Amino acid sequence: MTAADFLPPTKDLDDLAAAAKGCQGCDLFRDADQAVFGEGAGSATMMLVGEQPGDQEDRAGRPFVGPAGRLLDRALAAAAVEREPLYVTNAVKHFKFTLPERGKRRIHQTPTRTEVVACRPWLFAELEAVDPDVVILLGATAAKALLGNDFRLTAHRQEVLRLPAGDDVPPVDPTVVATVHPSSILRGPQERRDEAFQSLVDDLRFAASLLNTR
Ligand code: URA
Ligand code: SF4
């Protein structure tokens, strides 16, 4: 089973979000609180794709509202990109975590390729519904979800990329840019944080410069 078994007949964003709540396309729905669907206007010109909801997103039911989201907001502001015309989503819609000990904090786990592929029909449906001019892939999971498992993020920053053709790829052709995930900056070494943050800001600015050039 994959998310494709739970897609509604229309590509309306509200219908998609409602249907995703009932998705059992992989095992991740079992332990997470809820599916966290993308957010933003259907008319958004830019789409940001993260990995999966984190602990706070899982509780709130909204993408990028925790520490990574706050860092992303700061980076968007520094790049002079407004959050308003954006559509923000994740490659995987349910939070994957381990619980090392009862009562302890839930620890993020990277989703497997199988889980990413199982969830991808939601992301494809969002791409088709929003039809953005520019897609920004935040981190390796999002980049590999759309550009293939062999894609190496570090080799392709500030490059104009396109979605590969494929049977289940929707008929849209946004300009695609890949950059680091905001969480990688939070998890990375303290002394490199300013530099890593600045490079994210530069990549976001580059992506914004590609608007209207499609
Ligand atoms: N990390 C992500 O990739 N997405 C979120 O929504 C939050 C943290
Ligand atoms: Fe469905 Fe995606 Fe959740 Fe798996 S992670 S159950 S495919 S919404």
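Residues numbered from 1 in each chain as written. Chains lettered and ligands numbered in written order. Predicted model: local features only at pLDDT ≥ 70, side-chain atom pairs only at ≥ 80, totals over all residues. Heavy atoms only, no water.

Per an unreviewed UniProt entry, the protein goes by the name Type-4 uracil-DNA glycosylase and belongs to Mycolicibacterium arabiense.

In the vicinity of ligand 2, the contacting residues are Cys23, Gly25, Cys26, Leu28, Phe29, Val92, Lys93, His94, Ala118, Cys119 and Trp122. Considering only residue class, the shell around ligand 2 consists of 8 nonpolar, 2 polar and 1 charged. (Near = heavy atom within 4 Å. Nonpolar A, V, L, I, M, F, W, Y, C, P; charged D, E, K, R; others polar.)

Further remarks concern the site of ligand 1. Taken together, Gly50, Glu51, Gln52, Pro53, Gly54, Glu57, Pro63, Phe64, Ala68, Asn90 and His181 are the residues near ligand 1. Take Glu51: an N or O atom from its main chain is 2.7 Å from an oxygen atom of ligand 1. The backbone of Gln52 places a nitrogen or oxygen atom 3.0 Å from a nitrogen atom of ligand 1. Out of a free accessible area of 240 Å², ligand 1 has 94% covered by protein chains. With respect to the pocket detection grid, ligand 1 is positioned in the largest pocket. Residue classes in the shell around ligand 1 are distributed as 4 nonpolar, 5 polar and 2 charged. (Polar contact = N/O pair within 3.5 Å; in protein donor to acceptor, adjacent residues only side chain to side chain. Areas by Shrake-Rupley, 256 points an atom, 1.4 Å probe, with all protein chains shown as cover. 1 Å grid on protein atoms, 1.4 Å probe; cavity = no way out; pocket = protein on both sides within 12 Å on 5 of 7 lines; lining within 4 Å. Sits in = over half its atoms within 2 Å of the grid points.)

What follows is about the layout of surface pockets. Any empty space left between the atoms is revealed when a probe the size of a water molecule rolls over them. Each pocket or cavity is described by its volume, and for the largest pocket that value is around 620 Å³. In terms of lining residues, the largest pocket is bounded by 27 residues, among which Gly54, Ala68, His108, Ser183 and Arg187 are the most central. Of all elements in the fold, only α2 (55-60), α3 (67-78), β5 (107-108), α5 (140-147) and α6 (182-187) reach the threshold of two or more residues within the lining of the largest pocket. Looking at the lining of the largest pocket element by element, the count peaks at 4 residues for α6. For the lining of the largest pocket, a count of residues per class yields 9 nonpolar, 12 polar and 6 charged. (Points joined across faces, edges and corners; volume = space filled by probe spheres on them. Helix = DSSP H or I, 4+ residues; strand = E, 2+ residues; numbered from the N terminus.)

Within the structure shown, the criterion is met by 13 salt bridges. Across the pair Glu39 and Arg62 runs a salt bridge whose closest N-O atoms are separated by 2.7 Å. Of this pair, Glu39 sits in strand β1 (residues 39-40) while Arg62 sits in the loop between α2 and α3, and the two are 23 residues apart along the sequence. By relative accessible area, which is 28% here, Glu39 ends up partly exposed. The partly exposed category is assigned to Arg62, whose relative accessible area is 42%. (Salt bridge = Lys/Arg side-chain N within 4 Å of Asp/Glu carboxyl O. Buried < 20%, exposed > 50% of the residue type's maximum accessible area, 1.4 Å probe, protein only.)

Now for the packing of α3 against helix α7 (residues 193-209). Between α3 and α7, the shortest axis-to-axis distance is 8 Å and the interhelical angle comes to 60°. Put simply, α3 runs oblique to α7. α3 and α7 meet at a crossing whose hand is right-handed. Counting all contacts with α3, which are made through Leu71, Arg74, Ala75, Leu76 and Ala78, the residues of α7 involved are Phe197, Leu200, Val201, Leu204 and Arg205. Grouping the amino acids of the contact of α3 with α7 by side-chain chemistry returns 8 nonpolar, no polar and 2 charged. (Axes fitted to C-alpha atoms, helices over the stretch in contact; angles between N-to-C directions. Parallel < 35°, antiparallel > 145°, perpendicular 65-115°, else oblique. Left-handed = near helix turned anticlockwise from the far one by under 90°. Contact = heavy atoms within 4.5 Å.)

With that settled, consider the pairing of strand β6 (residues 134-138). Along β6, 5 of the 5 residues are buried, which leaves the element largely enclosed by surrounding structure. Residues Val134, Ile136 and Leu138 point to one face of β6 and Val135 and Leu137 to the other, with burial holding for every one of them. Note: strand β2 (residues 46-50) against β6, 4 bridges, orientation parallel. The residue bridging Val49 from the neighbouring strand is Leu137, located in β6. Strand direction decides the pairing type here: β6 and strand β7 (residues 175-179), joined by 5 bridges, are parallel. Across the sheet, Ile136 pairs through a bridge with Val177, a residue of β7. (Pairing = 2+ DSSP bridges.)

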